[in-house]
Amino acid sequence: MKSIVRWYLSGFYKKPKGLKKPYNPVLGETFRCIWTHPSGSKTFYIAEQVSHHPPVSAFYVSNKRDGFVISASITAKSKFYGNSTSAILDGVATLTLLPRGESYLITMPFAHCKGILLGTLSMELGGHVTIACVKTGYTTEMEFKLKSFLSRSDHTNGISGKIKLGRETLAMIDGHWDNKITFTDKRSLEEETLWEVSEEIKASRLNRYTIPLEEQNWKESEKLWLKVSEAIGREDQEAATVEKTILEEKQRENVKERSKKKVEWSAENFLHDGSVWRYRYEDFRPWDERNDIFEYELNYVIATHRALQPPLNRSTSLVSLNSSQVRGTCRVNFFQTSQEGRGAVIMISIPSHGTIFLTPSWNF
């Protein structure tokens, strides 16, 4: 549980550079990317806006070689308080450690923006969050603390909490989520640094890869919001608002068209099981060093290529495509994140099938 909490807290320090008019995801919008790790493994991310009223985003994260999968469907809600507003992420993310067969249920803090009408515009994180593992019985309870009107500056971005086994408190957590957080053993009273944001940590952030913009379909976030992003980049908020309105009007037209034809919209990459949205191709089998070769993503399908696998009638796996299935010329690009070749990515583009990312186990 201690390692899970450290991992959970490690991503909050990277705050947005500024507060601008938000992108409102449109129904069916998708996003995918990968991160490569120094070990050579890859983490794949797939997301889709599966509902507009209410707004629900579903995502699936997989790194079979390193032994984890994360899945969630999150409903976005907002509350307005006059001079401030809160963006609430209502839902539970499930982190599954594949070799151990453990699942951790995780909730998230809300983002609170102050100074909308008066004062300095700023953002904080607030609320109570939990991390719970039914199999082990461990739970973590934490509070992201909002700075009160009269609080000192060193009270900004505070966090406190405790790790428990059943009803027994084992350790206390305290600090600032954007700086340093300490862990204190309840029995020995020994204190240690659980997480600290250092220059080394900032420099070691992983590079994120997406497929080339020209190969993305119109539903993919980068392409869908390209004109809005370009306007924001020019600091032209008026143009950004115009382009954003065009997309929103198009979505309203699509809703009317489906209603007229009595066609029900359905998500492409996720299925609703009656309570939550689940990735269509989810796979919770642990990595098999004797048989599994690499994990890959192709056309939003995350799969594992294995040395021995049952014959498939239809397959999106690159290695199973014969010459009659692949039309056109394959383009191979190499991306290298260090001089030694560690973290290299091979991107293979097949005109009739899409783009696949591979990470070799060898160095250039």
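Residues numbered from 1 in each chain as written. Predicted model: local features only at pLDDT ≥ 70, side-chain atom pairs only at ≥ 80, totals over all residues. Heavy atoms only, no water.

Asks: How would you sum up the nonpolar core? Please name residues and give values.
Replies: Counting residues in hydrophobic clusters, the biggest one holds 36 residues, and the most contacted among them are Val 5, Tyr 8, Leu 9, Tyr 104, Ile 131, Met 142 and Phe 144. By size, the runner-up hydrophobic cluster in this structure holds 16 residues, among which are Ala 58, Val 69, Leu 98 and Phe 270. (Core = buried A, V, L, I, M, F, W, Y, C linked by side-chain atoms within 4.5 Å. Buried < 20%, exposed > 50% of the residue type's maximum accessible area, 1.4 Å probe, protein only.)

Asks: Please provide a residue-by-residue account of the pairing of strand S19 (residues 301-306), values included.
Replies: Burial analysis of S19 places five of its six residues in the buried class, which makes it a mostly covered element. Pairing of strand S18 (residues 292-298) with S19 involves six bridges; the strand directions are antiparallel. Bridged to Leu 298 within S19 is Val 301. Where S18 folds back onto S19 in an antiparallel hairpin, the turn is made up of two residues, including Asn 299, whose phi is positive at roughly 55°. (Helix = DSSP H or I, 4+ residues; strand = E, 2+ residues; numbered from the N terminus. Pairing = 2+ DSSP bridges.)

Asks: So, the environment of Thr 245: which residues are in play, and what are the values?
Replies: Structurally, the position occupied by Thr 245 is in helix H5 (residues 237-261). Between the C-alpha atoms of Thr 245 and Val 228, which are 17 residues apart in sequence, the distance is 9.8 Å.

Asks: Give me the pattern of salt bridges: which residues, what numbers.
Replies: One pass over the full model with this rule turns up 20 salt bridges. With a closest N to O distance of 2.9 Å, Lys 2 and Glu 192 form a salt bridge. With Lys 2 in helix H1 (residues 2-9) and Glu 192 in strand S14 (residues 191-196), this residue pair connects regions lying 190 residues apart in the sequence. Three or more residues joined by partner-sharing salt bridges are found here, namely Lys 64, Asp 283, Arg 285, Asp 292 and Arg 306. (Salt bridge = Lys/Arg side-chain N within 4 Å of Asp/Glu carboxyl O.)

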